[in-house]
Amino acid sequence: MISRRILMMTASAFAFAPSLALAQDAPAPFDTPGDVTIALVRYLSTGDFFQSYLSGVEGQAAALGVNLRIFDSRQDAALQADMVDQAIALGVDGIIIQHGLTESMQDAAQRAVDAGIKVVAFDVNVENPAVPQIEQSDRDLARLALEQAIIDNGEAFMATYVYVPGIAPLDRRDETWREFKARYEGINEVAQFGTLDNPITNSVANQARAVFSANPGIEVVFAPYNEFAKGVMIAAQEAGVADNINIYSADISTADIAMMREPNSPWAATAATNPAVVGEVSVRALALLLAGEDPGEQVVVPPTLITRDMLNDGNITNMEELGEQIPAFLHADVALADWIALPSR
């Protein structure tokens, strides 16, 4: 289903004064931003992370004054490729490809480039030098979480791992997991499981219950995606093993914070960027490309480690409070230019 977000130029002059003032000095095509249309073509959209990412895309598009079209394939790889073609047919100026599979997105991205459309890709490798890659530094996300796991549990423990291959950010996080297992030979991975079937949290919880039942003694779960971690936590509580395990993940949301702060929560730590900030960076990188400027082949948003103790000690209950205590969660000094207006906070 295709939805359209059109920024109304009849809004009050006061509301749009900052963007309009900047547009006077902006390079083409942003000297007339109302004539610019960009598309967000999504593979994954279920979960708090992706809703927050979308809000960041919408906020930065509004700050620039451009039109935004949203295409949501709901984890249908063939449909996502078709939606890129739909965006091309509509004559959009730029496309953000958000997640997806390399085998389905590589040709689709090339078709857009061949049509003269600028493309950036977030967390999907389209293997195209003309397409900048937006990343959360996934290897650092995994590294930060796993370093905390070593601090908390020592260098030898029984572990299980949640992973679905073929998704670029998960594949990059998997590389770090394999490096840690090679470095710390005392890590005993007794099971690997994972699914992206909707609803992801419930589907993972069903798998995790079986894993906990078959493998008593699990001490650590590496679940490097917050929807995975939610499912594991639900299963651990239902299986009565929550007091015996520690969960380490990637990504964060207000709902995740609440779960991490529950009494006796097994969710020990996560490494994350603010997904809304990543959404803003994605739009800014595309804007630079449209203006003939170079955002770089890789546009990396650095992550931060967030522990359960940090949240409890700071009495942090939501993403806004997290941003107040960790400034990187409010803004990233990435893909910036003097002519690019930033979203208001």
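In what follows, the structure referred to is the one given above.
Right, let's walk through the structure included here. (Residues numbered from 1 in each chain as written. Predicted model: local features only at pLDDT ≥ 70, side-chain atom pairs only at ≥ 80, totals over all residues. Heavy atoms only, no water.)

1. Details of the pattern of salt bridges
Here is step 1 of the chain: With the rule as written, the count across this model stands at 16 salt bridges.
Here is step 2 of the chain: As a salt-bridge pair, E135 and R172 come within 3.9 Å of each other at their nearest N and O atoms. Residue E135 is found in strand β6 (residues 133-135), and its partner R172 is found in helix α6 (residues 168-183); the two are separated by 37 residues along the sequence. Each member of the pair, E135 as well as R172, carries the same accessibility label: buried.
Here is step 3 of the chain: Put simply, R143 and E147 hold a salt bridge, and the shortest N to O gap is 3.2 Å. (Salt bridge = Lys/Arg side-chain N within 4 Å of Asp/Glu carboxyl O. Helix = DSSP H or I, 4+ residues; strand = E, 2+ residues; numbered from the N terminus. Buried < 20%, exposed > 50% of the residue type's maximum accessible area, 1.4 Å probe, protein only.)

2. Re the nonpolar core
Soluble globular proteins tend to bury their nonpolar side chains together.
Here is step 1 of the chain: Core analysis: the largest hydrophobic core is formed by 98 residues, its most contacted members being F228, V232, L322 and W339.
Here is step 2 of the chain: A per-element tally of this core places helix α10 (residues 275-290) first, with 10 residues.
Here is step 3 of the chain: The contact partners of V232, leaving out residues within four places of it in the chain, are V162, F193, V204, A208, F212, V221, A223 and I247.
Here is step 4 of the chain: I95, I97, M105 and V131 belong to the second-largest nonpolar core, a separate cluster that totals 20 residues. (Core = buried A, V, L, I, M, F, W, Y, C linked by side-chain atoms within 4.5 Å. Contact = heavy atoms within 4.5 Å.)

3. Considerations on the packing of helix α3 (residues 77-90) against helix α4 (residues 102-114)
Here is step 1 of the chain: Between α3 and α4, whose axes approach to 9 Å, the crossing angle comes to 5 degrees. Classified by the angle their axes make, α3 and α4 are roughly parallel. Where α3 abuts α4, its residues A77, Q80, A81, V84, D85 and I88 lie against S104, M105, A108, R111 and A112.
Here is step 2 of the chain: Residues that form the contact of α3 with α4 fall into these classes: 7 nonpolar, 2 polar and 2 charged. (Axes fitted to C-alpha atoms, helices over the stretch in contact; angles between N-to-C directions. Parallel < 35°, antiparallel > 145°, perpendicular 65-115°, else oblique. Nonpolar A, V, L, I, M, F, W, Y, C, P; charged D, E, K, R; others polar.)

4. A few points about empty space enclosed by the protein
Here is step 1 of the chain: On inspection of all chains with the given rule, the structure shows 4 cavities of 30 Å³ or more.
Here is step 2 of the chain: Estimates place the volume of the largest cavity at around 100 Å³.
Here is step 3 of the chain: Lining the largest cavity are 13 residues, and of these L44, F50, H99, P169 and Y225 lie nearest its centre.
Here is step 4 of the chain: When residues of the lining of the largest cavity are assigned to their parent elements, the largest contribution, 3 residues, is made by α6.
Here is step 5 of the chain: A breakdown of the residues in the lining of the largest cavity according to their chemical character gives 8 nonpolar, 2 polar and 3 charged. (1 Å grid on protein atoms, 1.4 Å probe; cavity = no way out; pocket = protein on both sides within 12 Å on 5 of 7 lines; lining within 4 Å. Points joined across faces, edges and corners; volume = space filled by probe spheres on them.)

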